[in-house]
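If you want the building blocks of each chain, they are given just below.
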Amino acid sequence: MRRLIRVIALLLAAVLGVLTTLHAAPPEPKGHLVVVGGGGVPDVVLKRAIELAGGPSAKIVIFPQASELADTGDVAVEMWRKAGATAARWLVLTDLPAARAAVEEAAFIWFPGGDQSKLTAALKDTGLPELIRRRYEAGAVVGGTSAGAAVMSSVMITGDADLLSITTGATKTAPGLGLWPEAIVDQHFLKRQRHSRLISLLLDHPHLVAVGIDEKTAVVVSGSRFEV
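Described below are features of the structure shown in this document. Given the structure is predicted, the values throughout are model-derived calculations rather than measurements.

1. A short note on helix α6 (residues 128-138)
For α6, the set of buried residues is L128, P129, L131, I132, R135 and Y136. Mapping the buried residues of α6 onto a view down its axis gives an arc of 160°, with all of them on the same face. Considering only its buried residues, α6 is in contact with β1 (32-36), α4 (96-105), β4 (108-111), α5 (116-123), β5 (141-145) and β10 (218-222).

Quick look at the structure:
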């Protein structure tokens, strides 16, 4: 009888251990997200991002693939250099091993504006989204503006929506990078009157938090908290 009780106790302990593991919250990422609503990046945001990344000598890599403009990478590099960063560069995707190596060494990964769907299409099947998530979890800073903000979500707004009414199922989405999986990010929020779009999408995904960010405004995400 005692042996049977001991076996039952061990089985219960094992089951409770499994249940605890299943329900344990995943560890929070060690890095930070700097999510800008577009319309330019204020000096205070540039300064804060560089500080979070470790200071002026932090290695910054830039993915300009959301934009159709050929000089977007150069413009972004110049922006960060004027802000005090000394090691900023933009990446091409024609040499994937070199791009992966640069991301592995980066303290800060930045996505300029453009079309978020264009960016995710460029990164598809490169292994870079997974690598970027691992770097963020390990402590790197990841940021973006406009399209580079929208791509932070797992549920990413593509831009196609009814802006005049709150209508379920009217806002088209696609998979984003999933760096901020608890949120849906919309950008240019007040400037372009995107309230209805974001509320409609929240009705479609009530388990998520809707975050609308206006121009020249940013949120800095640290674990489960963020500040404006």
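2. Some details on the sheet that holds β1
What the seven strands build is an open sheet, ordered β3-β2-β4-β5-β1-β10-β11; its pairing is mixed. Every other strand in the sheet has two partners, leaving β3 (87-90) and β11 (225-227) as the edge strands with one partner each. Averaged over all pairs of adjacent strands, the angle between their axes in this sheet comes to 20°, without regard to strand direction. Pairing between strand β2 (residues 59-62) and β4: three bridges, direction parallel. Along β4, the bridge assignment pairs I62 with W110. Packed onto the sheet, helix α2 (residues 43-53) meets β1, β4, β5, β10 and β11 and runs at close to 165° relative to β1.

3. Thoughts on the nonpolar core
Core analysis: the largest hydrophobic core is formed by 35 residues, its most contacted members being F63, F111 and W180. Among the elements of the structure, β1, α4, β4, α5, α6, α7 (147-150), β8 (183-186) and β10 are those that each provide at least two residues to this core. With four residues, the single largest contributor to this core is α6. Once residues within four sequence positions are removed from consideration, F63 is found in contact with L91, L93, V103, I109, W110, F111, P112, L123, L128 and I132. With 21 residues, the next largest nonpolar core counts I60, A76, V141 and A218 among its residues.

4. Concerning unusual backbone geometry
A negative phi holds for most residues other than glycine; trans holds for most peptide bonds. Positive phi outside glycine occurs at S146, with the angle close to 60°. Along the chain, S146 falls in the loop between β5 and α7. Look at S146 and you get buried, because its relative accessible area is 12%. Of note in the backbone geometry, Q193 takes a positive phi value of approximately 50° without being a glycine. Within the fold, Q193 resides in the loop between β8 and α8 (195-204).

The rules behind each value
Residues numbered from 1 in each chain as written. Predicted model: local features only at pLDDT ≥ 70, side-chain atom pairs only at ≥ 80, totals over all residues. Heavy atoms only, no water. Buried < 20%, exposed > 50% of the residue type's maximum accessible area, 1.4 Å probe, protein only. Helix = DSSP H or I, 4+ residues; strand = E, 2+ residues; numbered from the N terminus. Arc of directions from axis to C-beta. Contact = heavy atoms within 4.5 Å. Pairing = 2+ DSSP bridges. Axes fitted to C-alpha atoms, helices over the stretch in contact; angles between N-to-C directions. Core = buried A, V, L, I, M, F, W, Y, C linked by side-chain atoms within 4.5 Å.

All quantities given are derived from atomic positions and should not be read as evidence of function.
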